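Working through the structure, step by step
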Amino acid sequence: METRVPRGALASLIAAVVAIAAFVLPASASADHAEDPIHPGVMTFTEGGQCTSNFVFTAGGRTLIGQAAHCSGTGAATDTNGCDAGSLPLGTEVEIDGATRPGKLVYSSWIAMRQNGETDPDACAYNDFALVEVDPADAANVSPTVPGFGGPTGLGGSEAALGDTVYSYGNSSLRQGIAQLRPKQGTVVSSEGQGWSRTVYTVTPGVPGDSGSGFLSADGAAIGTLSTLALAPTPASNGVADLRKELAYANQHGGLGQVSLVNGTEPFDPDIVGAILD
């Protein structure tokens, strides 16, 4: 049976192994610099919670950056059902590293599912996606390119074959600002929830503060967002929610018009050593 936990609820496990996944740390722990440009992988801070952004999106001329919906959750750390869990309201200010002004929460899958009366248990369990609008004053400073790897090359499919190689960029402050630990390469070990999520092992694994970070396929397509930590039967693996499904739900129920992924301006390069040394 899989146990799925958001945020930093597993402090005892963190003390035993650095390979834990995904969730929110105090904002004061950030090791990034405010002058850094805005791009996939910068930290976002929502009322004291720290997460990693995934990709850049656009809707009706607005510049958006993605994070996990649970980053703005108000319930207990064990609240993983987005159809039941509480959330800060749309319009909540979100600090974005590299931005001169706060962004604002303009979409949360958790809010949308409650408003829609969603009953699909897989959507409720795995749809963990939010969008933050970058202030227009900072829009010119946004780059859609994933650091180290380049891309994304487009929106990937929902297929998750056993053994598929994936790439990610985590930015948790637990890495003590060591940039070489941010790029990650991993392998898909299973598909969950009728395609709503993948179970993935990465080296190095995600740690608290990486929550929401984006995942790329072997050809550089954006395929997922880091959502959960599995305790069993695959300890310290990550649950990676399917981005195509998350984005389709946002387009159907988000009220933002057509939300589109922005491709990177640099070509994708799957060389993990090169990404580490970049």
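To keep things clear, this report deals only with the structure shown in the data block. Predicted model, so just to flag it, every value in this text is computed and none were measured.

Bringing the overall build of the protein chain into the picture now. For the protein chain, the helix and strand inventory stands at five helices and 16 strands. Taking all 278 residues of the protein chain together, 55% fall into the buried category. Across the protein chain, the fraction of contacts at a sequence separation of at least 24, relative to all contacts at a separation of at least 6, is 70%. Surface summary for the protein chain: the accessible area is close to 10700 Å², and the carbon and sulfur share equals 53%.

Of note, Thr 119 is situated in the loop between α2 (109-116) and α3 (121-126). Note on Thr 119: relative accessible area 69%, which makes it exposed. For Thr 119 and Cys 83, which are 36 residues apart along the polypeptide, the C-alpha to C-alpha distance reads 7.9 Å.

Attention now moves to unusual backbone geometry. Between Gly 151 and the following residue, Pro 152, the backbone shows a cis peptide bond with an omega angle of 5 degrees. One can find Pro 152 in the loop between β9 (130-133) and β10 (165-169).

Topologically, Thr 145 is positioned in the loop between β9 and β10. Within the structure, the side chain of Thr 145 is placed 2.9 Å from the backbone nitrogen of Thr 265, a separation counted as a polar contact. Excluding residues within four positions of it along the chain, Thr 145 makes contact with His 39, Pro 40, Gly 150, Gly 151, Gly 264, Thr 265 and Glu 266.

Enumeration over the complete set of coordinates arrives at four aromatic pairs. Summarising the aromatic geometry, the rings of Tyr 107 and Phe 129 are spaced 6.4 Å apart at their centres and angled 55 degrees between planes, so their arrangement reads as tilted. With Tyr 107 in strand β8 (residues 103-108) and Phe 129 in the loop between α3 and β9, this residue pair connects regions lying 22 residues apart in the sequence. Tyr 107 gets classed as buried once you look at its relative accessible area, which sits at 2%. When its relative accessible area of 0% is taken as the criterion, Phe 129 is described as buried. Taken together, the aromatic side chains of Phe 57, Tyr 107 and Phe 129 make up a single cluster linked through ring pairs. Positioned above the aromatic ring of Trp 196 is the side chain of Lys 245, whose terminal nitrogen or guanidinium carbon lies 5.8 Å from the ring centre.

Right, let's talk about the nonpolar core for a bit. With 45 residues, the main nonpolar core has Phe 57 and Leu 131 as its most contacted residues. Not counting residues up to four positions away in its chain, the partners in contact with Leu 131 are Phe 57, Leu 64, Ile 65, Gly 66, Lys 104, Leu 105, Val 106, Tyr 107, Leu 256 and Val 259. Of all hydrophobic cores here, the second largest spans eight residues; its members include Val 166, Ile 223, Leu 226 and Val 240.

Turning our eyes to something else, we now look at the state of the cysteines. Within the structure shown, the criterion is met by two disulfides. One disulfide bridge connects Cys 51 with Cys 71, the sulfur atoms lying 2.1 Å from each other. Where Cys 51 bonds to Cys 71 through sulfur, the torsion about that S-S bond is close to -105 degrees, and the disulfide is left-handed. Here the residue Cys 51 occupies a position in strand β4 (residues 49-52), and Cys 71 occupies one in the loop between β6 (62-67) and β7 (93-96), the gap between them amounting to 20 residues.

Among the residues of α2, Ser 109, Trp 110, Ile 111, Ala 112 and Met 113 are the ones counted as buried. As for α2, its buried residues are in contact with β8, α3 and α4 (243-253).

Conventions adopted
Residues numbered from 1 in each chain as written. Predicted model: local features only at pLDDT ≥ 70, side-chain atom pairs only at ≥ 80, totals over all residues. Heavy atoms only, no water. Helix = DSSP H or I, 4+ residues; strand = E, 2+ residues; numbered from the N terminus. Buried < 20%, exposed > 50% of the residue type's maximum accessible area, 1.4 Å probe, protein only. Contact = heavy atoms within 4.5 Å. Areas by Shrake-Rupley, 256 points an atom, 1.4 Å probe, with all protein chains shown as cover. Polar contact = N/O pair within 3.5 Å; in protein donor to acceptor, adjacent residues only side chain to side chain. Phe/Tyr/Trp six-rings, centres within 6.5 Å; stacked < 30°, edge-to-face > 60°. Lys NZ or Arg CZ within 6 Å of the ring centre and 35° of its normal. Core = buried A, V, L, I, M, F, W, Y, C linked by side-chain atoms within 4.5 Å. Disulfide = S-S within 2.5 Å.

In short, shape yes, function no, at least from these values alone.
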